[in-house]
Amino acid sequence: MRVGFTSYWLMLCSVFMVPSASAEWFLGQDLYTLSHQRVLEGKTSEGFDTMIQAWQQAPDEQQNTNLDGLLKLALTEDCGRSLTQAVLPSWLSTLSIRREVVQNLNQVMLKLSVSGASQKKIDEVTFTRWPDQKYISTSPVLEKNGDFTAESSRLEKPIAEGLYKITLTNNEKEAWSSWVILGAPSIKQRIGWKDSKNWRIEHSQLPNPTCPSPVLSINLYDLNDLSWTPIWTEEIDGKLPTTLPQIDVPDGRYWLSVGLIESRWQGDISILDIQRITRPIDFQLSLDQKQQQPEEQK
């Protein structure tokens, strides 16, 4: 495996209680042992297939924890690109699964959505936790360029780790399905407000070096625009700012949204975990700034 394997292996040894990574240790033939063995031998796709079977066996709490830790270990190879050899159908260009926690000043909202781009009209999207707990089963919102989005109803609890199945059906009645394994959601809110134009970001102690760096998404909305189309937006990776930059907008009251996006892959499927904070914000130029404006903008 690539850089990052060693550190994750040391961390996960205590979880799996494995004294050695040698093949001789794997004397058991249960699915948990086999999936662990295959991942450690570099057979990531085979190990992932066995993890799917293991999740279908209704794992107990300890097995659940082990499977979640094993997924983290498998992701250190290439951030999930090698988890599965399955590819998207020819009519589906991109596909993303998003788990989102939105925290405003008064409440926390949990969201789950499936989005993508397709050359054929998507009639239905379903997203089900094994064996039969449906989170999404609906016709998606369609854009003229072929983009689509389907969202769950209001969620009471975070989307937990486990085995899920996604199915897309187009207007020609062609259906495509794939198993998806989600890891445990973060129990810690890593982004929060300091004041109306500043926020704090706590960094992960052990980031996966094979995955993209977190991205900060900043959006500003006009409170009078019911379409909720951002009037200003910016996405930043690398060194993430914690202060809102100077924005040239008329005086008034707006809605500010700042999201921390972490991404990985499962083959061709992009899986995003987003923590977002939102709040109303007032913009009012100082007297000096107004005096510096061109006459036509005043």
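Summary of the structure given here. (Residues numbered from 1 in each chain as written. Predicted model: local features only at pLDDT ≥ 70, side-chain atom pairs only at ≥ 80, totals over all residues. Heavy atoms only, no water.)

### Focus on the environment of Pro140
In plain terms, the rule: Strands here are runs of E lasting at least two residues and helices are runs of H or I lasting at least four, both read from the DSSP assignment and numbered beginning at the N terminus. Contacts between residues were defined by any pair of non-hydrogen atoms, one from each residue, lying within 4.5 Å.
Within the secondary structure, Pro140 is located in the loop between β4 (133-138) and β5 (141-142). In the structure, Pro140 is positioned 11 residues away from Glu151 in sequence and 7.7 Å away in space, judged by C-alpha atoms. Once residues lying within four places of it in the same chain are set aside, the contact partners of Pro140 are Ile122, Asp123, Glu124, Val125, Phe148, Thr149 and Ala150.

### Focus: the pattern of salt bridges
Using the following cut-off: We count a salt bridge whenever a side-chain nitrogen from Lys or Arg sits within 4 Å of a carboxyl oxygen from Asp or Glu. Partly exposed residues are those whose accessible area sits between 20% and 50% of the maximum for their type, while under 20% is buried and over 50% is exposed, using a 1.4 Å probe and protein chains only.
Enumeration according to the criterion identifies 11 salt bridges in this entry. Between Glu174 and Lys120 there is a salt bridge, with the nearest N and O atoms lying 2.6 Å from each other. Of the two residues, Glu174 sits in the loop between β7 (162-170) and β8 (175-182) while Lys120 sits in the loop between β2 (108-118) and β3 (122-129), which places them 54 residues apart along the sequence. Owing to a relative accessible area of 31%, Glu174 belongs among the partly exposed residues under this scheme. Exposure remark for Lys120: the relative accessible area of 23% places this residue in the partly exposed category. Connected through shared salt-bridge partners, Lys120, Glu172 and Glu174 make up one network.

### So, the packing of aromatic side chains
The description of an aromatic ring pair uses the distance of the two centres, along with the angle that the planes make with each other. Rule in force here: Pairing of aromatic side chains requires ring centres within 6.5 Å, counting the rings of Phe and Tyr and the six-membered ring of Trp. Pairs whose planes differ by under 30 degrees are stacked, by over 60 edge-to-face, and all others tilted. Charges are assigned to positions over rings by a cutoff of 6 Å between ring centre and Lys NZ or Arg CZ, combined with an angular limit of 35 degrees from the ring normal.
Tallied over the entire structure, the rule returns six aromatic pairs. Between Tyr254 and Phe283, the ring centres sit 5.7 Å apart and the planes meet at 80°, which makes this aromatic pair edge-to-face. With Tyr254 in strand β13 (residues 252-266) and Phe283 in strand β14 (residues 269-283), this pair connects stretches of sequence that are 29 residues apart. A residue is classified by how much of its surface remains accessible, and Tyr254, at 7% relative accessible area, is buried. The exposure class of Phe283 is buried, given its relative accessible area of 9%. The structure contains a cluster of three or more aromatic residues connected by ring pairs, namely Phe127, Tyr135 and Tyr164. We note Arg279 situated over the ring of Trp193; from NZ or CZ to the ring centre the distance is 5.5 Å.

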